[in-house]
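# Breakdown of the fold
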Amino acid sequence: MRHNNIPIHSKNDFENMRLAGSLAALVLDSLYEKIVPGISTQEINDICHEIIVKNNAIPAPLNYKGFPKSVCTSVNHVVCHGIPSEKKILSEGDIVNVDVTVILNGWYGDSSRMFVAGKTNKKNFDLLKITYESLLIGIKEAKPGNHIGDIGSKIQKLAESNGYSVVRDFCGHGIGKEFHTPPSVLHFGEPGEGPKLEPGMFLTIEPMINLGGWQTKILNDGWTAVTKDKSLSAQFEHTIGITDQGNEIFTLSKNNTAFPINDV
């Protein structure tokens, strides 16, 4: 069933999304102690790929519109869609977003987290912390009767009040038995804008927050998006389902590493 072209899902669909979301979270949980200085982004990709396949699932990014790897690894000023590479070795203090999407029994579970190789400085840590809080404040607004704009406006207000900018060129999306469906979930905007949220809608919320300006550009590989001013960028992402009471997060960490940065 669809409402304004947005899929509305059943209770059984929620159970399928719990399974897919739990697997995406398990993959990210497994990286907590493995992302250290000296690891390559290709090694991160391989760890994720092995876990996904062992659990009878498919890495959704692999060959999606020609994307060559199983996850996205976006380091420092890369905003999103970074391509894993044996040549990209993480150094002390590097920050990296790992974006995992699995297909389990035909259902998509999509989540990403920031990790730090070793220890980072306070400036970088504060960016990661506000980005994570932006995700949580956006999820809090995702409830029946609210609009997509309510999510984006709260994220934008939090980020900009702390001196950061919100990426405009990429957004969250509907999800389920397809990787991307309506609606587009902007991480900026005005309250009351956009489609109204209803129980049964599945969404990703995935704010990308920059230390400098919000403008981005795509590199020659056709995928990697970077900040135009080369400032650091951070992102966290959950997949959620709208319920009668509010929402359910399908991609919760099972080992309390949802914000896996301890040291400054």
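Note: the structure precedes this text.
What counts and what doesn't
- Counting of residues starts from 1 at the beginning of each chain's written sequence and follows it residue by residue.
- Local features in this predicted model are restricted to residues of pLDDT 70 or higher, and side-chain atom pairs are both shown and tallied only at a pLDDT of 80 or more, whereas totals for entire chains, interfaces and linings draw on every residue.
- Hydrogens are left out, water is left out, and the side-chain values use all remaining heavy atoms of the structure.
- A pair of strands counts as paired when DSSP detects no fewer than two bridges linking them.
- Here a strand is any run of E in DSSP of at least two residues, a helix any run of H or I of at least four, and the numbering for each starts at the N terminus.
- Only the contacting stretch of a helix is used when fitting its axis, a line to C-alpha atoms as for every element, and angles between N-to-C directions run 0 to 180 degrees.
- Any pair of Phe, Tyr and Trp rings, taking the six-membered ring for Trp, is counted once the centres come within 6.5 Å. Such a pair is stacked with planes under 30 degrees apart, edge-to-face with planes over 60 apart, and tilted for the rest.
- For every residue, the accessible area obtained with a 1.4 Å probe (protein chains only) is divided by the maximum for its type, and the residue is called buried under 20%, exposed over 50%, and partly exposed between those limits.
- Only when the NZ of Lys or the CZ of Arg is both within 6 Å of the ring centre and within 35 degrees of the ring normal is a charge said to sit over the ring.

### Digging into the sheet that holds strand β5 (residues 78-80)
- With antiparallel pairing, the three strands of this open sheet are ordered in space as β5-β14-β13. Edge strands, defined here as strands with exactly one partner in the open sheet, are β5 and β13 (216-218). Across the sheet, the axes of successive neighbouring strands diverge by a mean angle of 40 degrees, strand direction being ignored.
- Across three bridges, β13 lies against strand β14 (residues 225-227) in antiparallel orientation. Paired with I218 across the strands is A225, a residue of β14.

### Quick look at the packing of aromatic side chains
- As enumerated under the stated definition, the model contains 10 aromatic pairs in all.
- Ring geometry for F14 against F202: centres 5.0 Å apart, planes inclined by 80 degrees, an arrangement best described as edge-to-face. Residue F14 is found in helix α1 (residues 11-29), and its partner F202 is found in strand β11 (residues 202-205); the two are separated by 188 residues along the sequence.
- Residue F14 is classed as buried on the basis of its relative accessible area, which comes to 9%.
- Consider the rings of F125 and F259, whose centres lie 5.8 Å apart with planes at 80 degrees: the pair is edge-to-face. Of this pair, F125 sits in helix α3 (residues 122-140) while F259 sits in the segment after β17 (247-249); the two residues are 134 residues apart in sequence, bridging distant segments of the chain.
- By relative accessible area, F125 is classed as buried at 17%.
- By the ring-pair criterion, three or more aromatic residues cluster together here, those being F125, Y132, F236 and F259.
- Note that R168 overlies the ring of F188, its terminal NZ or CZ placed 4.7 Å from the centroid.
- Seen from the ring of W214, R168 lies directly overhead, with NZ or CZ sitting 5.2 Å from the centre.

### Brief notes about the pairing of strand β6 (residues 95-104)
- Judged by how many residues are buried, β6 sits mostly within the fold: 10 of 10 residues are covered.
- Both faces of β6 are covered, namely the face carrying I95, N97, D99, T101 and I103 and the face carrying V96, V98, V100, V102 and L104.
- As paired elements, strand β3 (residues 58-59) and β6 share two bridges and run antiparallel to each other. Counterpart to I58 in the pairing with β6 is I103.

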